Structure formats: structure tokens, C-alpha cells
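# Structural overview
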Amino acid sequence: MTSKDILIVVLIVSLILFTITFGIVSWMSRRRGYREAAGVQAEMGGRSWRGVHRQLFQIFYRYGIKIPVVKSYLRRIRQRIAIIHPYDEIALRYETVKLTIAITGTIGLTALLLIWSQPDLGFIVIVILAAAVINNMLVEMFINRLERKVLVQSVELFSLVRHHYQQHGMVEEALYEGAEASGHEISIHAHRIYNALVSEDPDEELEQYYEVAPNRYLKAFAGISHLVMEFGDHARKKGSIYLHGLSGLTKEIQLEILRRDKLDYLMKGLNIIALAPVFFTRPIERWARSSFPSMDDFYMSKLGIITKISIYVIILIAYLLLQKLQQNRETDYRSEIQKLTWEERLYRLPAVRLLVRMLSPSPGSLKYDRQIRLLKESNARIKFEWLYIRRLMFFLLTFFLSLSLAVGLHVQAKHHILYVPVSLNNSLFGQMNEVERRQAEDTVKQDRMFMEHLEMSPDITREQVRQVVNDADSLGMAQEQIESTIDRLIGKLQLYNGEYLRWWELLLSILAGLAAYSAPLWLLYFHRKVRNMEMRHEIYQFQTVISILRGVERISVESILEWLNRFAVIFKIPIQKSLLHYEHGAESALLELKDDVWFPEFQRLVDKLLLAVDKVPIKDVFDDLDGEMIFSFEQRKQEYEAMIDTKAAWARMIGFTPMYALIFMYLVIPLIGMSFSQMETYYEQIQRL
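Rules of the game
- Residues numbered from 1 in each chain as written.
- Predicted model: local features only at pLDDT ≥ 70, side-chain atom pairs only at ≥ 80, totals over all residues.
- Heavy atoms only, no water.
- Helix = DSSP H or I, 4+ residues; strand = E, 2+ residues; numbered from the N terminus.
- Buried < 20%, exposed > 50% of the residue type's maximum accessible area, 1.4 Å probe, protein only.
- Contact = heavy atoms within 4.5 Å.
- Areas by Shrake-Rupley, 256 points an atom, 1.4 Å probe, with all protein chains shown as cover.
- Phe/Tyr/Trp six-rings, centres within 6.5 Å; stacked < 30°, edge-to-face > 60°.
- Core = buried A, V, L, I, M, F, W, Y, C linked by side-chain atoms within 4.5 Å.
- Salt bridge = Lys/Arg side-chain N within 4 Å of Asp/Glu carboxyl O.
- Axes fitted to C-alpha atoms, helices over the stretch in contact; angles between N-to-C directions.
- Parallel < 35°, antiparallel > 145°, perpendicular 65-115°, else oblique.
- Left-handed = near helix turned anticlockwise from the far one by under 90°.
- Nonpolar A, V, L, I, M, F, W, Y, C, P; charged D, E, K, R; others polar.
- Arc of directions from axis to C-beta.
- Patch = residues over 30% accessible without salt bridge, like charges linked within 9 Å, V, L, I, M, F, W, Y side chains within 5 Å.
- pLDDT = per-residue confidence, 0-100.
- Lys, Arg positive; Asp, Glu negative; His and termini not counted.
- Charge placed at Lys NZ, Arg CZ, Asp CG, Glu CD.

Before going further, it helps to spend a moment on the overall build of the protein. Across its full length, the protein carries 28 helices and 2 strands. Looking at the protein residue by residue over its 689 residues, the buried ones come to 42%. At a minimum sequence separation of 6, the contacts of the protein that also span at least 24 residues come to 73%. Summed over its atoms, the accessible surface of the protein is roughly 38,000 Å², and 61% of this surface lies on carbon and sulfur atoms.

Below you can see the structure in the form of C-alpha cells.
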């Protein structure tokens, strides 16, 4: 069965599975609609299929949470989905199990089909690793879709609240009526905000909600509603503060939706393109071997194996970088129980702690300050010591893997010399026929017997080899065949005894370890570069929040910092630090905040807050903000487009790199090299004529 037939079978089976799944989902949706319309329930003694499979999912969750591997996977999925169903435990468990079964079922069936098509140990390992990567990609895709759904429903909720507030002039009434008419996902959050606002301690309830809110916009909405309820709405030149705040948040959400949609459109399919070469290395290798027999020498050689491993490394790096470019996680900042990480466990060992102190720069040095700043600016949620533990483990792991690979390649090369039949006809095109194949197998078997008789000695002479060949010659080979056999045996003995670990291979293993040692730092630099594109837009959103707050009476600089902390993602840690130190001195806390963040626009914002501490009222400090907002909003749209185009250009370059590497490194360049080698052989044969 050829690779083309296998790919066609996989495609057909995938289409059939997709059709069956789509049909079942459609049938279940219609059946659910009919049951809800008819109101027919279990009065006849039966239960609906929807109720049965929901109960089965609940049972699966209850028992699956007790199995070690399944338990960690379910908790990971549950944590991500909790932003959509944070308060309905039954719905949360149902959505968790549904997503788990859908993803693992799809990936499992596809992996089984691929393994069935090529039951090779190396290919099985690659398929399993690819399945783990694709699983993460599908989870991110599903979560991003749910986050976008919440954003769209938030715009609808704000519109309804605005309408009902203009009718009643009461925040809680408008929020309740808006929640009743909104979509299911956003209505859960709206009802939670409503219950918090009408509770006995709204501040405490809102603080609890801020910890689980899916995005910054709902945090701002809850806070503005609380401010208006507490201090009342005050008329502005262009309307009320509450309506002005809703309009500002709606603009921000719409801009965010447009940004995500355009970025998703430009980067659509790049993850698949980056991962696709994993499944095409074997078909390309099989086609090249069947069409060009001389390519066997490349694919079975050490260079061919190293090339294949390099392609897999390029695929993994490309996928990780694409994930960094597409990352839109506002929910990374959660007050959760910090688990004991493997870095912390290793750091508790005295030997590891001593080694880390020897490798890391001393506190107060320029290198130490630069790396601390890099950790802050890239938002790496690890300690400085853990970074060096991670770098040290990357070095050791890569060094030992590289060294093991070098030793394994030598062992594989010896096995190739002894057991793999090689065609005696140096032809570039075509494939060995049955007669040539049997002849090649008999030749390699005979050569192995001769080499074992010679005890694989590297110091064997030509006359000794001739003596062994003549003693075993029972068919009366011609003198030319005997000389050819002697040359072949001497060449194989030299190659066999030359397969040992060399000093430069040890040096390359050390260099590979050093590259892995620097990889965490390179990743931090790349992450900081990506985050720098987002900083200016978070400043614009800070300005939107301040433009809403500056009209509220008795608003203070500390209150503004608390609001910015709720709304912040990139600047969250320095703002939290400033809030902790604010009681010990407002001016010193703000100056420290200005020193912690190097971004010029943020520093100008802090300068205005410094001016508003005890010198100028807040509304006067930001009196030019409305005019700036009109200009900055148009500027933001242009910068969004430029940023998206930059990210898309990077993503296209990164996404297509594995495919280019597969085609050129694994097919085109080896084929050209073999062609030149064959041309030299043909040229020598022509000269002998």
C-alpha cells in the first residue's frame, strides 16, 4: 500500500467521521429543540438521550478525577473553561468532559490510523508527540472561541444595560434586566455582578469577582456600576458618567474583537502548516527511496538521521513561537494556590543550590540587573534562581541526548554496514528488481561472514583478505570479481572500525548543550519583543479608564491605581507593587513605579499621577484627556493594523519554515548531492570505455 493510498484512506475516514459527528450534533440539537417545545418529560417513564449522556458525563468526571493522568488533564481543561462557566458546577463538569472526549477522541482516532498505516516505533513516538502538541492547539482554539463569544455578548449586555438605565435611571435594575435578556455565558457574569452590587458587602463580593472575571472589561464594568451606585451619577458635558463609561468600554471591546478577528484570519492554519511536516517525512523518504535508490545511502546515514531530527526540532520551535504570537491570555493573573514546582524541588538540594550560585551572576552586577529586568518585562512568573535551574537542566538534558544520539548513530552505522543490502548497480533512477535484491542480500551476507572470519580487525592486510576470499570461493569467481570483493571488504572494515565517538562529536554535544542553556533567555527576549507590541495599547486602555473615573467625586490617586491594577495585564506586577508601598508614601511609591517600567508612555501617565497626589486635582490634571482620546483612538487603529501586519509577517515566516526545511533539507539538497555523486561515477565509467 503506497503512501498516496494511505493518505487518501486517512482523508476519507476523517471526512466520514466529521460527517457522522456533524450529523449526530445536528440530530441532538433538533431533538433537544423538539423536547423543549413539547415539554414532554419523563412522565412516561423514560429519560431523554440528552439527560442520559449528561448523566454519563457527570459519572465520567466523578471517576476520572480519581485517576492520576486523567485527573490532571481534566483539571487543566476545567481551569480554562471556568472563565465561561465559573459558578455552575454541573455545567462546568459537563463542558469539561465534553471537550475532553471530543479532543482526545478525534486525536486518538487520527493517531491510530496513522500508526496503523506505518507501524514503526520511531513513527509511533513522533505521532504521540504530535498528538500532544495538537491537543494543546485544539484546547487553545476552543478557549479562544469561547473568549470571543463572551466579548461579543458583553457588547450586547452593555447595550441592553444602557437602554434600561436610560429608562429607569437605576444601575441595579438596568443590570438585572440586561442580564435576563443576554446570552447564557455573559448572563452568568452579569447575575454575579448584580448579586455582588446588592449584597451587604459589595466591596468584598466584587473583589471575589475580580479574581474570576474572564476579561478586564467585565472588571471595569462591575467597578463603574459600583461607583455610580455608591456616589451617584454626575452629569458631564456629553452625558452621564455611567453612559460615558459604557460607551468607552464598548469601543474597547469592539476594537479588541476586530483585532482578534483580523489576527486569527491572517494566522489561520499556520499551526497546521508548521506541524504538517511531521507526517510527511516518511512518505517523502519512501518516495525518494523507491525512485532514486542512491538516496538510501543518505536516509540511512548519520547525516540523514541528524537532518530528520533537526527538522523535528525546527517544527517544535516554530510551534512554540507561533503560540507566543497568538497568545491572548488575560486570565494568567489568578490568586490561586502556588504548587511546588520541579525547579523549587531541585533548588532545595544543597548541591543544586551551590551550582546555581556558581553559574548565576552575583546580585548587584550589571548582568544580574539586566536579567532581573528581562524577567519583569517578559512577565516570566518564575524566580531568578529557578531560571538558572531551568537553564542548567536544559543544558544537561540536551548534552546527554546529543551524546546518546552520537553513540547511537555509530551503532546504527555499524549495523548498516553489516546487515543492510546495497545495490551493486550504481544507478540514480529506478528501483532494484527481485534478482538484484536477492543478489544484494547474498552479497551483504557473504561480506558479513568474511568480516567475522577476519574478526573485524582494523589492521588486516590485503593479502589476508585475499586468502580468506580464495578459501571461501567455491564458484570460481573471476579475478576482477575477487579484486572488487577485496576492495569492498577492506572499505567496509575501515568504515566499521572508524565508527567510534570522536572528540569533535563531544564538542558538538557541549555546544548543543550551551545552545539549550541559552534557549530560555532567547525565549524571554522573544516574549518581551511580542509584549512590547501590546504595551502601548494597554496604555490607551488605561486612558479610557481614567477618562471615566476623573469625573467621579472623591476619586483619589490610590483608587485610580486600584482600577488600573484590575484592568492591567502587562503592567500588573509593578502596579501591584506600587499599591503595596502606597501607604508608606504615595510619592515614593509612584516614583518606584516609574523606575520599574521603562515604557515612555507609561512614565508620562505616572508623572500626571504624581502631579495629582497633593498639588493639582485629578480632573484638572487630565483635563486634556478627551481631546487626546479622539486622536489616540484613530492612532490606535492604525497601530493595531501595523502590529497585526508585523505579527502576521512573523507568523508566516515561522509557520512555513518547517515546510521549507522538510523540502530542501530532506529532499532537494540530498538529491542534488547524490546527483553530483552519480555524475562523477558515470564520468569515471565513461573514461574506462
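On to the packing of aromatic side chains. Evaluated as defined, the whole model comprises 15 aromatic pairs. Ring centres of Phe-298 and Tyr-666 lie 6.5 Å apart, and the angle between their planes is 65 degrees; on these two criteria the pair is classed as edge-to-face. Of this pair, Phe-298 sits in helix α13 (residues 295-299) while Tyr-666 sits in helix α28 (residues 625-688); the two residues are 368 residues apart in sequence, bridging distant segments of the chain. Tyr-666 carries the same exposure label as Phe-298, and that label is buried. Three or more aromatic residues joined by ring pairs make a cluster, and in this case those are Phe-298, Tyr-299 and Tyr-666.

Once that is clear, we can look at the nonpolar core. Counting 71 residues, the largest nonpolar core has Phe-221, Tyr-242, Phe-542, Phe-571, Ile-575 and Phe-602 as its most contacted members. Ranked by residue count, the leading element in this core is helix α9 (residues 216-231), at 8 residues. Dropping the residues within four chain positions of it, Ile-575 is found in contact with Phe-542, Leu-561, Leu-564, Asn-565, Ala-568, Leu-593 and Phe-602.

The final tally for this structure, using the stated rule, is 21 salt bridges. Close ionic contact of Glu-95 with Lys-98 constitutes a salt bridge, the shortest N to O distance being 3.5 Å. Separated by 3 residues within a single helix, Glu-95 and Lys-98 lie in helix α4 (residues 89-117), roughly one turn from each other. Taking relative accessible area as the criterion, Lys-98 reaches 34% and is therefore assigned partly exposed. In this structure, the salt-bridge partner of Lys-308 is Glu-285, at a minimum N-O distance of 3.2 Å.

Turning our attention to the packing of helix α12 (residues 277-291) against helix α14 (residues 302-326). Contact pair α12 / α14: the axes reach a minimum separation of 10 Å and the direction vectors enclose 160 degrees. One finds that α12 runs roughly antiparallel with respect to α14. As α12 runs across α14, the sense of the crossing is right-handed. For the pair formed by α12 and α14, the contact residues are Pro-277, Val-278, Thr-281, Arg-282 and Glu-285 on the first element and Lys-308, Tyr-312 and Ile-315 on the second. Grouping the amino acids of the contact of α12 with α14 by side-chain chemistry returns 4 nonpolar, 1 polar and 3 charged.

Turning to helix α25 (residues 586-596), a few remarks are in order. Taken together, the buried positions of α25 are Ala-586, Ala-589, Leu-590 and Leu-593. Projected down its long axis, α25 carries its buried residues within an arc of 95 degrees, all on one side. Of the exposed residues in α25, the ones pointing more than 90 degrees away from its buried face are Glu-587 and Asp-595. In this structure, the buried side of α25 is in contact with α23 (557-567), α24 (572-581) and α26 (600-614).

A cluster of nonpolar side chains, contributed by Trp-503, Trp-504, Leu-506, Leu-507, Leu-508, Ile-510, Leu-511 and Leu-514, occupies part of the molecular surface with about 780 Å² of accessible area. Along the chain, Leu-511 falls in helix α22 (residues 503-549). Among the residues examined, Leu-511 registers a relative accessible area of 45% and is labelled partly exposed.

Our focus in this paragraph is the confidence of the model for the protein. Looking at the protein as a whole, its pLDDT mean stands at 78, while 83% of the residues score no less than 70. Considering each helix and strand of the protein separately, the mean pLDDT is smallest for helix α1 (residues 3-38), with a value of 51, and largest for helix α6 (residues 171-181), with 90. Below a pLDDT of 50 lies the segment residues 32-47, which in the model reaches 5 contacts outside its immediate sequence neighbourhood of four places, other chains included. For the stretch residues 330-337, pLDDT sits under 50, and the model shows 23 contacts to residues farther than four places along the chain or on other chains.

Next up on the list: the packing of α14 against helix α18 (residues 384-419). For the pair α14 and α18, interaxial distance at closest approach is 10 Å and the crossing angle is 140 degrees. Compared by their axis directions, α14 and α18 come out oblique. Viewed along their axes, α14 and α18 form a crossing whose handedness is right-handed. Contact residues: Lys-302, Ile-305, Ile-306 and Ile-309 in α14; Leu-405, Leu-409, His-410 and Gln-412 in α18.

One can find Arg-466 in helix α20 (residues 462-472). A C-alpha to C-alpha distance of 7.8 Å links Arg-466 and Ile-482, two positions 16 residues apart in sequence. Once residues lying within four places of it in the same chain are set aside, the contact partners of Arg-466 are Gln-479, Glu-483 and Ile-486.

Here we take up helix α8 (residues 202-210). All of the buried residues along α8 are Pro-202, Leu-206, Tyr-209 and Tyr-210. End-on view of α8: buried residues confined to an arc of 100 degrees, all on one side of the axis. Turning to α8, the residues buried within the fold contact α7 (184-197), α9 and α23.

Moving on: a negative patch on the surface. A contiguous patch of negative charge, built from Glu-200, Asp-201, Asp-203, Glu-204 and Glu-230, is present on the exposed surface. In this fold, Asp-201 is placed in the loop between α7 and α8. Note on Asp-201: relative accessible area 40%, which makes it partly exposed.

What follows is about the side chain of Ser-509. Here Ser-509 shows up in helix α22. Among residues more than four places away in sequence, those in contact with Ser-509 are Phe-399, Ser-402 and Leu-403.

In this structure, Arg-636 sits in helix α28. Those residues in contact with Arg-636 that lie beyond four places of it in its chain are Glu-252, Leu-255, His-537, Tyr-540, Gln-541 and Thr-544.

This part covers the environment of Met-456. Residue position: Met-456 is located in the loop between α19 (434-453) and α20. On the accessibility criterion, Met-456 (16% relative accessible area) is buried. In this structure the C-alpha to C-alpha distance between Met-456 and Leu-493, which are 37 residues apart in sequence, comes to 6.3 Å. In contact with Met-456, not counting residues within four places along its chain, are Leu-418, Met-451, Leu-493, Tyr-496 and Asn-497.

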